[in-house]
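# Breakdown of the fold
Below are the chains, spelled out letter by letter.
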Amino acid sequence: MPKGEHTLCGHTKEVCISSVWPCPVFILFYFSQVFNAKTAEVISQHQVEIKQSFPKEGWVEEDPKEIMQSVHECIENTCEKLSQLKVDISRVKAVGVTNQRETTLVWDRATGEPLYNAIGKSVSLLLYSKPVCFFLLSALGLVWLDLRTQSTVERLIKKAPGENKNHLKHLTGLPISTYFSAVKLRWLLDNVDEVREAVRTGRALFGTVDSWIIWNLTGGRSGGVHATDVSNASRTMLFNIHSMEWDPELCRYFDIPMEILPDVRSSSEVYGWMCLGDQSAALVGQMCFEEGQAKNTYGTGCFLLQNTGCKPVMSNHGLLTTVAYKLGRHMPCCYALEGSVAIAGAVVQWLKNNMGMVQTSSEIEKLAAEVGTSHGCYFVPAFSGLYAPYWEPSARGIICGLTQFTNKKHLAFAALEAVCFQTREILDAMNQDSGVPLTQLRVDGGMTANRLLMQLQADILCIPVVRPTMSETTALGAAVAAGAAEGVDVWSLSPGHLPLIKSETFQPQINPEESDFRFSRWKKAVQKAMNWETMETCSTSEGMELQLSLVHSEFTD
């Protein structure tokens, strides 16, 4: 087939689906990928790095202007590469955008300027084949791993009857946690004068990263569209996942003015755009359209989602109930159970950047494979506390079982095992909530290139792990959702018409007894990491008050 021609639904057309999305790491990469609309294969791609800043311990920020600059650069360079491949740019049918979800931004509708750096996560979007585009990303915000809101969380929990962190879960599916956008937005309102003033004068707009991008690409201060999709809205703690609307009761609880919130749309729209949160996009990209199907994405963190169908399932085992997607204005909403792990690929970055153990992240696999065991060493990377299933912000990282024999190779192996153990904890909780044990796990994300990690995951879960040949299915999911939108109709989501994605399966190679033994030792290490840090004040000899991180000494079994 000549370059630039791609078969679609029995016809030969120069048609492709494009997707743009941010990959969450300490150096973030914005990707632009173009897919063949018939085979779902990647035709062209481009990536741009953007930096995360850490102004204080536990604080994580991104520059909203740099985010938009990287988006424009990705699109421009991808188009240039398509031209080099003799693909007519005018034949790009739709653009799907996917992002992290909980990252929080606030910006000024009058000037278009962000009022603070981004704190948190992003979303996905559809661009129709017309000059109108819709990109959703936040301008002022806090990044999802950011921990500055811990005191805000404690204050909010104290308001709840019985100081129950799950007080709002019946409406949101979420516990009160530093993870979600409403808490970050509350912090901004309490601590940033510019945000408070913009809200007072009616100039402030709030959004996750998707909303910021969409607003900018659709005109910005000259009539830009202020919107988000259901999957992103469901991660704010301000959205009622039953009524599928912003909830006045929730907004009152967090004291958030509803007029600064974006309009909520479906994940696939016919009026020029669509949006979809990153993990929801990965669920679509893995073709998990049937109830009970699940996928796990390995990036900075791990995110395991299981499709629960058209009714939300409330977890009794520490998982989140979230909106997976709504593929059209008149289509039913699909829900998911989700287990979120804060630190997965980030532990490899920590070993590289903080400890200097390796020069590149890919060296971790080789280092760990040289010993093939942790030699009884267990690593709990609770750098940002522990997310699912514990939701324990006071936990901190810990390495147990060190001996004189332990070396950096054992630590590298223990770090990879830690990712797998955290996934097993979530999978066990998911099996208990659903009552139907998962028989295989579909995986995606940058870390899945590590074959040792994938084999360890199969061994620790005691079920097969299925890895697609294209690991970044998040981008594919955004493209599929874009192409399936009414009026675009490039892809059909009916079972017989889904694109076939090639994959590789990793089978368990150890017996369940060994897996259970190693997992039990890991859980013992987790308990030692719990309740590690509290914040209290004391006075210095000069009469100054300091906040101290107090280390608990209850280091007993």
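Residues numbered from 1 in each chain as written. Predicted model: local features only at pLDDT ≥ 70, side-chain atom pairs only at ≥ 80, totals over all residues. Heavy atoms only, no water.

In the nomenclature of an unreviewed UniProt entry, the chain is known as glycerol kinase of Oryzias sinensis. Recorded in UniProt under Pathway (unreviewed entry), the annotation for the chain is "Polyol metabolism; glycerol degradation via glycerol kinase pathway; sn-glycerol 3-phosphate from glycerol: step 1/1." (UniProt positions renumbered as here; feature names shortened; annotations may be inferred.)

Here the structure, examined in full by the defined rule, presents 17 aromatic pairs. Arranged with centres 5.1 Å apart and planes meeting at 40 degrees, the rings of tryptophan 350 and phenylalanine 383 form a pair that is tilted. Taken together, the residues span a long stretch of sequence, with tryptophan 350 in helix α10 (residues 345-353) and phenylalanine 383 in the loop between β20 (378-380) and β21 (398-400) at a distance of 33 residues. Feature note: the residues Tyr179, Phe180, Tyr387 and Trp391 constitute an aromatic cluster, connected by ring pairs. The ring of tyrosine 253 has lysine 159 lying over it, and the distance from NZ or CZ to the ring centre is 4.3 Å. (Phe/Tyr/Trp six-rings, centres within 6.5 Å; stacked < 30°, edge-to-face > 60°. Helix = DSSP H or I, 4+ residues; strand = E, 2+ residues; numbered from the N terminus. Lys NZ or Arg CZ within 6 Å of the ring centre and 35° of its normal.)

Here histidine 242 shows up in the loop between β12 (239-240) and β13 (245-246). Residue classification places histidine 242 among the partly exposed residues on the basis of a relative accessible area of 43%. Here the alpha-carbon distance between histidine 242 and proline 312, two residues 70 residues apart in the chain, equals 7.9 Å. Aside from chain neighbours lying at most four places away, what touches histidine 242 is His170, Leu171, Pro312, Met314 and Tyr335. In terms of polar contacts, histidine 242 uses its side chain to reach the backbone carbonyl oxygen of histidine 170, at 2.9 Å. (Buried < 20%, exposed > 50% of the residue type's maximum accessible area, 1.4 Å probe, protein only. Contact = heavy atoms within 4.5 Å. Polar contact = N/O pair within 3.5 Å; in protein donor to acceptor, adjacent residues only side chain to side chain.)

Moving on to helix α4 (residues 181-191). Most of α4 is tucked away, with nine of its eleven residues classed as buried. As for α4, its buried residues are in contact with β8 (105-108), α2 (150-159), α5 (193-200), β10 (204-207) and α8 (248-254).

Moving on, we come to the packing of α2 against α4. Where α2 contacts α4, the axes come no closer than 9 Å and their chain directions differ by 105 degrees. Taken together, the axis directions place α2 and α4 in an arrangement best described as roughly perpendicular. Contacts from Thr152, Val153, Arg155 and Leu156 in α2 reach Val183, Arg186, Trp187 and Asp190 in α4. Its residues assigned to classes, the contact of α2 with α4 shows four nonpolar, one polar and three charged. (Axes fitted to C-alpha atoms, helices over the stretch in contact; angles between N-to-C directions. Parallel < 35°, antiparallel > 145°, perpendicular 65-115°, else oblique. Nonpolar A, V, L, I, M, F, W, Y, C, P; charged D, E, K, R; others polar.)

A separate point is the pattern of salt bridges. Opposite charge on two side chains makes pairing possible when the charged atoms of those side chains draw close. Tallied over the entire structure, the rule returns 18 salt bridges. One salt bridge in this structure joins lysine 409 and glutamate 370, with 2.8 Å as the shortest N-O distance. One end of the pair, lysine 409, is in helix α12 (residues 408-434); the other, glutamate 370, is in the loop between α11 (363-369) and β20, with 39 residues separating them in the sequence. Glutamate 370 sits in the partly exposed class, given a relative accessible area of 44%. Residue glutamate 504 pairs with arginine 451 through a salt bridge whose shortest N-O separation is 2.7 Å. Of this pair, glutamate 504 sits in strand β24 (residues 503-506) while arginine 451 sits in helix α13 (residues 451-461), and the two are 53 residues apart along the sequence. Through salt bridges with shared partners, a single network forms among Arg155, Arg186, Asp190 and Asp255. (Salt bridge = Lys/Arg side-chain N within 4 Å of Asp/Glu carboxyl O.)

The next point concerns α2. Considered for burial, the residues of α2 that qualify are Gln150, Thr152, Val153, Leu156 and Ile157. The arc that holds the buried residues of α2, viewed along the axis, is 155 degrees, so those residues lie on one side. For α2, the elements touching its buried residues are α4 and α8. (Arc of directions from axis to C-beta.)

Let's shift gears to the nonpolar core. If you look at the biggest cluster of nonpolar residues, it comprises 115 residues, and the most contacted ones within it are Phe254, Tyr298 and Val380. Of all the elements, α12 adds the most residues to this core, at 14 residues. Membership of the second largest hydrophobic core comes to twelve residues, among which are Ile67, Leu105, Trp212 and Leu217. (Core = buried A, V, L, I, M, F, W, Y, C linked by side-chain atoms within 4.5 Å.)

Across a regular strand the side chains alternate sides, sitting on one face of the sheet and then on the other. Residue alternation in strand β22 (residues 441-444) divides its side chains into two sets, Leu441 and Val443 and Arg442 and Asp444, and both sets are buried. Both strand β16 (residues 294-298) and β22 contribute to a ladder of three bridges, which runs parallel. Paired with asparagine 296 across the two strands is valine 443, which belongs to β22. With α13 bridging β22 and its parallel neighbour strand β23 (residues 465-468), the resulting β-α-β unit is right-handed. (Pairing = 2+ DSSP bridges. Right-handed = clockwise from strand over helix to strand, strands pointing away.)

This part covers empty space enclosed by the protein. Scanning all chains against the criterion turns up three cavities of 30 Å³ or more. As a volume, the second largest cavity reaches approximately 80 Å³. Lining the second largest cavity are 13 residues, with Val341, Leu386, Tyr387, Ala388 and Gln422 sitting closest to its centre. Its residues assigned to classes, the lining of the second largest cavity shows ten nonpolar, two polar and one charged. (1 Å grid on protein atoms, 1.4 Å probe; cavity = no way out; pocket = protein on both sides within 12 Å on 5 of 7 lines; lining within 4 Å. Points joined across faces, edges and corners; volume = space filled by probe spheres on them.)

Now for the sheet that holds β16. Strands sit in the order β18-β19-β17-β16-β22-β23-β24 across an open sheet of seven strands; the sheet is mixed. Each edge of the open sheet carries a strand with a single partner, namely β18 (320-325) and β24. Geometrically, the sheet is characterised by an average inter-axis angle of 30 degrees between neighbouring strands, direction not taken into account. Pairing between β16 and strand β17 (residues 302-309): five bridges, direction antiparallel. Across the sheet, alanine 294 pairs through a bridge with glutamine 306, a residue of β17. Most of the contacts of α13 go to β23, to which it runs at about 150 degrees, and overall it touches β16, β22, β23 and β24.

Turning our eyes to something else, we now look at the environment of aspartate 193. With respect to the helices and strands, the residue aspartate 193 is situated in helix α5. The exposure class assigned to aspartate 193 is exposed, which follows from its relative accessible area of 51%. Placed 78 residues apart in sequence, aspartate 193 and leucine 115 show a C-alpha to C-alpha distance of 9.3 Å.

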